[in-house]
Amino acid sequence: MIITATLRLLRILTKYGKALESLFTKHIDMVRVDLWKPVIPQLFAQLNHPNDFVRQIIGKLISRICDEYPRGIVYDVIVNSTSSKTNRETKQSLDAIANRMMDRNKLLWVSTRRMAEELEKITVLLEERWLNKIASLQFDVMQQFTKLDQESERLQKSGMDPAQQETSFLELYDSLMKFVI
């Protein structure tokens, strides 16, 4: 029930924020931050909102969450600030939140940052392994196709009847391509 109400309030902010600017500005510092914890991912998603006022209000909410529940948002701040999909204004907001977080709990920031970097390295390594495996398979498959082409030419010159040529070719195809399939 509370999450639904919080999501509705977030939708109202993103849709009618400029029209309700005075109301949001007046009450943003009195809002209970614990009510916003369940919708932290949605807050970060709205940091790229085109309206400056909406971005400012959401930035204030995230900053307040940072003060009271830094463990709840530290990973989101790190990931979003290093993402290539994050625009310049949002990165500035995230940098301000990151600086605030480092001032209050540098150990949490440094250890989470290191963990995120290690996770990225692992992911990149797995992707690189897959790419290397696919590249080597591609090379092997091209070699097998070359062998198949040579065998096809040899069979055509052999003078066998077409049915025997096809049967012989299919047997060779099955044996050469079995490891790929």
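Overview of the structure. All of these numbers come straight from a predicted model, not from anything done at the bench.

Quick notes on the rules
Residues numbered from 1 in each chain as written. Predicted model: local features only at pLDDT ≥ 70, side-chain atom pairs only at ≥ 80, totals over all residues. Heavy atoms only, no water. Helix = DSSP H or I, 4+ residues; strand = E, 2+ residues; numbered from the N terminus. Expected span 1.5 Å × (residues − 1). Buried < 20%, exposed > 50% of the residue type's maximum accessible area, 1.4 Å probe, protein only. Arc of directions from axis to C-beta. Contact = heavy atoms within 4.5 Å. Polar contact = N/O pair within 3.5 Å; in protein donor to acceptor, adjacent residues only side chain to side chain.

1. Observations concerning helix α5 (residues 70–82)
The periodicity of an α-helix, 3.6 residues per turn, causes residues three or four places apart in sequence to face the same way.
Here is step 1: In a regular helix each residue adds 1.5 Å, so 13 residues correspond to 18 Å; α5 covers 18 Å between its end C-alpha atoms and thus fits that length.
Here is step 2: When we look at burial in α5, the residues that qualify are Pro70, Ile73, Val74, Val77, Ile78 and Ser81. Buried residues of α5, viewed axially, fall in a sector of 145°; they line one side.
Here is step 3: On the buried face of α5, the contacting elements are α3 (40–45), α4 (52–68), α6 (88–104) and α7 (106–158).

2. Considerations on helix α8 (residues 162–177)
Here is step 1: The end-to-end C-alpha distance of α8 is 22 Å, a good match for the 22 Å that 16 residues give at a rise of 1.5 Å each.
Here is step 2: The complete set of buried residues in α8 reads Gln165, Leu176 and Met177. Viewed end-on, α8 has its buried residues packed into an arc of 75°, placing them on one side of the element. Counted as exposed and oriented over 90 degrees from the buried face of α8: Ala163, Glu171, Asp174 and Ser175.
Here is step 3: Lining the buried residues of α8 we find α7.
Here is step 4: One side-chain oxygen at the N-terminal end of α8 lies 3.0 Å from the backbone nitrogen of Ala163; it belongs to Asp161.

3. Section: the side chain of Thr112
Here is step 1: Looking at the secondary structure, you find Thr112 in helix α7.
Here is step 2: The buried category is assigned to Thr112, whose relative accessible area is 10%.
Here is step 3: Ignoring any residue separated from it by four or fewer positions in sequence, one finds Thr112 in contact with Val74, Tyr75 and Ile78.

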